[in-house]
Amino acid sequence: MSQNEARYTVRSLIVTAVVAAIGTVLVLEMSGRINHSENKDHVPVGDFQAIHVTEEDPFRMSPKASELHAVCENGYLAIAADVDPSFRGILVDYKNRGVRCSRPSPTGPAVLPAPETPDTNE
């Protein structure tokens, strides 16, 4: 090895990487590229996609289960986290329309009726 060869210590490389990451975040923040939402009620729970499954084409899916589950909430499909079931959001399409849990009857009411309570006067 020659005397003029530059040597870098592991510590200097780690410090350089940390400073570069902090600098990048600061520049993105100052230029307005990082979006901070004030209304936490409208934060997306996740990004989903529908996959058309046909008999001819094989369908591949990850063997690992998601950390989310779906529930029916007032007739609409809601996605909730397994670790915090109170954190849930209604699934909407690209036009922000809710995805229904069941198909409504064409002759029935537009809104799902409230569950009936059993009559205890018998």
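Residues numbered from 1 in each chain as written. Predicted model: local features only at pLDDT ≥ 70, side-chain atom pairs only at ≥ 80, totals over all residues. Heavy atoms only, no water.

## Thoughts on the pattern of salt bridges
Rules: Within this document, salt bridges are pairs made up of a side-chain nitrogen of Lys or Arg and a carboxyl oxygen of Asp or Glu, the two lying within 4 Å of each other. Strands are runs of DSSP state E lasting at least 2 residues, helices are runs of H or I lasting at least 4, and numbering of each runs from the N terminus. Between buried and exposed lies partly exposed: a residue is buried under 20% and exposed over 50% of the maximum accessible area for its type, with that area taken using a 1.4 Å probe on protein chains only.
Under the criterion given, the structure shown has two salt bridges. A salt bridge links E73 to R88, with the nearest nitrogen and oxygen atoms 2.5 Å apart. One end of the pair, E73, is in strand β1 (residues 68-73); the other, R88, is in strand β3 (residues 88-90), with 15 residues separating them in the sequence. Given a relative accessible area of 28%, E73 falls into the partly exposed group. The salt bridge involving D93 is made with R97; its shortest N-O contact spans 2.8 Å. When its relative accessible area of 27% is taken as the criterion, D93 is described as partly exposed. Assessed through its relative accessible area of 44%, R97 is described here as partly exposed.

Any functional reading would require information that these geometric values do not contain.
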